Amino acid sequence: MSLAMKRPLPEPTQTIQDAPAVVPLLGPSTTSARIYKRIRLTARKSTGAPPSILAYVLIKISDAMLFDESEFPEAIRKLVEHFRREPESAVRVKTLSLFGDLAAETGIDCGALIDEVIGLLKGETSAKVVSQGLYALERIGRACVLPSVACTNKMVFFAKSKLFSPSHNVQRHAILLLGRFVLVSDAEKESLELIGKYTDSADARVRAQAIRSMLTLGERGVSLPASMYARACGSLADDYECVRKEALQLVFQLGVRHPEHLVKVSRDSDQEVRLIDDAFGRICNAICDLSMHIRTLAAELLGGMTMVSDEFLHQTLDKKLMSNMRRKKSLHERNAEHFTSGEWSSGKKWADDAPKELVNAEAVSLMASGACGALVQGLEDEFLEVRTASVNSMCKLALKNPPFAVTSLDFLVDMFNDEIEEVRLRAIYSLTAISKHIILREDQLETMLSSLEDYSVEVREGLHLMLGACKVSTKACLSLVVQKVLDVLLKYPEDRLSTFGCMQRVGQKHPEICMSLTPQLLQDHPFFDSAERDVEDPSYICVLIMLFNAAQHLPPMLSLFPETIVRHYAYLRDTMPNLVPHLNLGGQPAKLALTTSTGSRQFLETLLNNIQTAYSAPQARQALLKAAQENLDRLAEIDPSFSGTANFTAVFFGTQLLMEQLQVATTGQPTKAPLKDCLAQLIRKCLKLQNLFSSLTLEDQLLVKQMCLRASALNLVLVVKDRSQSALAPCQLLLHIASDASNFLQENSALVADSFTSAILTKLAAVGDPRPGRVFREILPVVQAAAPVVIPKINTNIKMCKAHILEPSESSGSTDNVVKVTAGLIASVPFNVHVIVPRRRDLKKIMTEQGESESHWRLRTTVLLSHGVWTEASPVDIGICLAVRPNTDLELCRPVKVQFAPKPVKRGI
């Protein structure tokens, strides 16, 4: 008789993925939550028990049947009922987790949910479920905008009752809940001490959470007493990294909060030291920790302890102990102690009168020995994170302490030779930041200038910025800088713009030394005429830029310039006005530049007054608008600081001019330009007003929205009259813009809309069925009788998003420099762009002498070109555009032309 074993059948499974809900473009979404989940459900064979309510809820979510607010109470009630019946702890844990998700992602009533969760957990015996419940309470509490005192007290009382649980997870989450929601007044009385007791817990995770909760209380405004310092210092020697990390931050906070509090150096010593100094020494000691994360954190925290004493601060750069780190006593004090002791040397005991300075240094040390040379240790660490943090902290401390900046200079210069580019850049930028406190010596310059030949363009440009920010001590130093910069320019000609800026700042900071070097740099013989140099030579241009900027601060230098320099100055002044200043050369007084904000504002005010005067004369107003656009474009070129305001006003006037021309077409009169082209230009100008300008006031934003509303109304009217295309899309666009303008006016009740906007919004609100034909009939009289738009007020804070392509330039697109590539293959074209107010995240902020720029970014990438065989080289346009919506791009700059020549593949040799 044979027995056949049946193979166990796998449990049926089902994978369900919800589809994203479609959100309407107009108005707020009617749903309160959007939950995306991929859920794998394992359904057991039915044993007669009712199906899981949790499975039902999850399936409903996965089917994209999103809950409405009215469904939340019923869903929670069913989940609570299922929780009480469910025997599996894992399902109960998942149910509590779902409570936290609902609170975090929806606008549910958190107070009622907190009561439900606490009620479910009171009779719970599973440590996993209680731990998850405490964590869910913390999430629900954080989701509350302003939780009531009653709710927080309930959570705090429940958390305190669970502190005595034998489970470390329950203790940890109870301490987390206490630190987050205990009242500040109660925390200062008893809760802080209660949490502090758990820093001695047997479990490392509980100890770490206890310290973290104390830090959280400090962030919430609880006063952390200095008496906690001893406990925090004891945790620094913990075996677990998570505890040491939190203890390190607590020591830092106590040192910053109580800098003048005196603490004993050791238990058996009477010497006292400031708490900030002792905390500084202990954090310095953590730089020698075995964990890289602890060392990085310690190096970062040092930069925030700017109130440390100078002797402790300077000791971080010296690995030798300072005079055995003991307090020296005067001769008078030593004699007084010797007299009052009543003891005299008998001569019977060897060295019984030895000087007291020979006692053990470790017994009287005022600072941990690890603090000696701590920053040097950080700079020499094997991990780049530690080295970068040490450089940043050294920079922060040097900015607050000029003597320390001078001492740290040599160490920062040594970091220029680091193997990691990021570390080298941080050292360069740090030296740039502290440049106002230092003067470079010749030996330091040699190390710096050797890094100018770095392969990284970021490093070279950073060094140009640093050299322009620092001062040198002697004539030989400046000569060394100029010579090295010019030599590197020959090797890397693409650095010419950065080099020009460097030489400009060098000349501004060293006018006296530049004056002594003028004959040498210009190769001017005192008796013989020298040959005229090529004004297009980049090296010669660098020298002239430096000398001209030095002469601006030292006018006697002008007498040293030969006649050829005067002609070259006029040429460079016209071609490089941002690099070459105004000088009194050639007997002509320096012209006053119209680049002051006061002159630009007066000019714009006059322009706006003239247009306002011609408000009732359409032909005169249109002529003034055309002339105003040209004048404003010129003003934007002359005065860069006023360019945003000028460009905004110019685009606004251009939009208004197009509207007045198209308004005539609504009455049936012909237009000068094709109707479709005018509408396309109008839409692009409105998109520019919406997307290319920032720092607009509320009044400016209202004007832009009203302008877009006029444009969309004109667009609908003209499309319906033309009858050559569907009017559904223009009608939807008008309704969307009208809804946006209406919401904006409701949010800003102090603003008043113009007559056109009020009439359009009233007409659209009265339309029950907004079909294109009916909307057209309602708004046509309003559009035809619309008055001119109100002129915007002057706002000098407006900034415009624009780009400037630095590489490739137009010169590189000549026939002498053609990008040649085998047909079908890819050629890489270097692309270097400076962008203002960028839209992409992969851009880098441009560094200045004051640090990172908040509005100027740089995009450095490559453009890949490929094509079939061409008979000859042809230009390819490369530009920068801003994508504002699908199939619509706004140009940020004029494209550059690059000569491109795909060649056929060579056959054989």
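Residues numbered from 1 in each chain as written. Predicted model: local features only at pLDDT ≥ 70, side-chain atom pairs only at ≥ 80, totals over all residues. Heavy atoms only, no water.

1. Concerning the sheet that holds strand β14 (residues 874-878)
Spatially, three strands are ordered β10-β17-β14 in an open sheet, and the strand pairing comes out mixed. Looking along the sheet, the strands with just one partner apiece sit at the ends: β10 (819-822) and β14. Mean inter-strand twist for the sheet, computed between neighbouring axes without regard to direction, equals 40 degrees. Bridging between β10 and strand β17 (residues 896-903) involves four bridges; their strand directions are parallel. Pairing of Thr822 across the sheet is with Lys903, part of β17. (Pairing = 2+ DSSP bridges. Helix = DSSP H or I, 4+ residues; strand = E, 2+ residues; numbered from the N terminus. Axes fitted to C-alpha atoms, helices over the stretch in contact; angles between N-to-C directions.)

2. Comments concerning the packing of aromatic side chains
Summed over all chains, the structure comprises four aromatic pairs. Pairing Phe648 with Phe652 gives two aromatic rings, centres 6.3 Å apart and planes at 35 degrees, and the pair type is tilted. Highlighted residues: Phe648 and Phe652, both in helix α29 (residues 643-665), separated by four residues, approximately one helical turn. Each member of the pair, Phe648 together with Phe652, is buried. Relative to Phe693, the ring of Phe648 has its centre 5.3 Å away and its plane inclined at 80 degrees; by these criteria the two rings are edge-to-face. (Phe/Tyr/Trp six-rings, centres within 6.5 Å; stacked < 30°, edge-to-face > 60°. Buried < 20%, exposed > 50% of the residue type's maximum accessible area, 1.4 Å probe, protein only.)

3. What about helix α33 (residues 755-766)?
Along an α-helix, a turn takes 3.6 residues, which lines up residues three or four apart on a common side. In a regular helix each residue adds 1.5 Å, so 12 residues correspond to 16 Å; α33 covers 17 Å between its end C-alpha atoms and thus fits that length. Taken together, the buried positions of α33 are Phe756, Thr757, Ile760, Leu761 and Leu764. Across the axial projection of α33, the buried residues extend over an arc of 125 degrees, all falling on one side. Exposed side chains of α33 directed beyond 90 degrees from the buried face belong to Ser755, Thr762, Ala765 and Ala766. Taken together, the buried residues of α33 touch α31 (698-722), α32 (728-747) and α34 (772-784). (Expected span 1.5 Å × (residues − 1). Arc of directions from axis to C-beta. Contact = heavy atoms within 4.5 Å.)

4. Some points on the state of the cysteines
Applying the stated rule across the entire model yields zero disulfides. We note that Cys151 lacks a disulfide partner, and the nearest cysteine sulfur, in Cys144, lies 6.5 Å from it. Residue Cys151 is classed as buried on the basis of its relative accessible area of 12%. (Disulfide = S-S within 2.5 Å.)

5. What about the nonpolar core?
By size, the foremost hydrophobic cluster in this structure holds 164 residues, and its most contacted members are Leu431, Phe548 and Phe561. Sort the elements by how many residues they give to this core and helix α25 (residues 538-553) lands first, with 11 residues. Excluding residues that lie within four positions of it along the chain, Phe548 makes contacts with Phe561, Ile565, Tyr569, Leu572, Val580, Pro581, Leu583 and Leu585. Membership of the second largest hydrophobic core comes to 87 residues, among which are Leu716, Leu751, Val767 and Met800. (Core = buried A, V, L, I, M, F, W, Y, C linked by side-chain atoms within 4.5 Å.)

6. A few points about the pattern of salt bridges
Applying the stated criterion across every chain, the model contains 34 salt bridges. Here Arg387 makes a salt bridge to Asp418, at a shortest N to O gap of 2.8 Å. Of the two residues, Arg387 sits in helix α17 (residues 384-400) while Asp418 sits in the loop between α18 (402-414) and α19 (421-433), which places them 31 residues apart along the sequence. It is possible to trace a salt-bridge network through shared partners that takes in Glu74, Arg77 and Glu81. (Salt bridge = Lys/Arg side-chain N within 4 Å of Asp/Glu carboxyl O.)

7. Section: the packing of α31 against α33
Remark: α31 packs on α33, axes separated minimally by 10 Å, with the N-to-C direction vectors making an angle of 55 degrees. On the basis of their axis angle, the class for α31 and α33 is oblique. α31 and α33 meet at a crossing whose hand is left-handed. Counting all contacts with α31, which are made through Gln706, Leu709, Arg710 and Ala713, the residues of α33 involved are Phe756, Thr757 and Ile760. The residue inventory of the contact of α31 with α33, partitioned by class, reads four nonpolar, two polar and one charged. (Parallel < 35°, antiparallel > 145°, perpendicular 65-115°, else oblique. Left-handed = near helix turned anticlockwise from the far one by under 90°. Nonpolar A, V, L, I, M, F, W, Y, C, P; charged D, E, K, R; others polar.)

8. Overview of the side chain of Thr152
Mapped onto the secondary structure, Thr152 falls in helix α6 (residues 149-161). Excluding residues that lie within four positions of it along the chain, Thr152 makes contacts with Pro147, Phe181 and Leu183.

9. A few points about the environment of Ser223
Mapped onto the secondary structure, Ser223 falls in the loop between α9 (204-219) and α10 (229-235). Here Ser223 falls in the partly exposed class, since its relative accessible area comes to 43%. Separated by 31 residues in the primary sequence, Ser223 and Leu254 have C-alpha atoms spaced 9.9 Å apart. Look past the residues within four positions of Ser223 in its chain and what remains in contact with it is Glu188 and Leu192.

10. With respect to the environment of Arg295
Mapped onto the elements of the fold, Arg295 is located in helix α13 (residues 292-302). Spatially, the C-alpha atom of Arg295 lies 9.2 Å from that of Ile283, the residues being 12 residues apart in sequence. A distance of 2.9 Å separates the side chain of Arg295 from the backbone oxygen of Asp289, its partner in a polar contact. (Polar contact = N/O pair within 3.5 Å; in protein donor to acceptor, adjacent residues only side chain to side chain.)

11. Some remarks on α25
In this model, α25 (16 residues) spans 23 Å end to end at C-alpha, consistent with the 22 Å of a helix rising 1.5 Å per residue. With respect to burial, α25 is a largely interior element, 13 of its 16 residues being buried.

12. Considerations on the packing of α31 against α34
Contact pair α31 / α34: the axes reach a minimum separation of 10 Å and the direction vectors enclose 115 degrees. In this structure, the crossing between α31 and α34 has a hand that is left-handed. Counting all contacts with α31, which are made through Ala713, Leu714, Leu716, Val717, Val720 and Lys721, the residues of α34 involved are Val775, Phe776, Ile779, Leu780 and Val783. Of the residues that constitute the contact of α31 with α34, the class distribution is 10 nonpolar, no polar and one charged.

13. Quick look at the confidence of the model for the protein
Residues at a pLDDT of 70 or more form 81% of the protein, whose mean pLDDT is 80. Ranking the helices and strands of the protein by mean pLDDT puts α13 first, with 96, and strand β2 (residues 38-42) last, with 38. With pLDDT under 50 throughout, residues 1-56 is counted as low confidence; its partners more than four residues away or in other chains account for 72 contacts. Confidence drops under pLDDT 50 across residues 58-65; counting only partners more than four residues distant or on other chains, this segment forms 19 contacts. (pLDDT = per-residue confidence, 0-100.)

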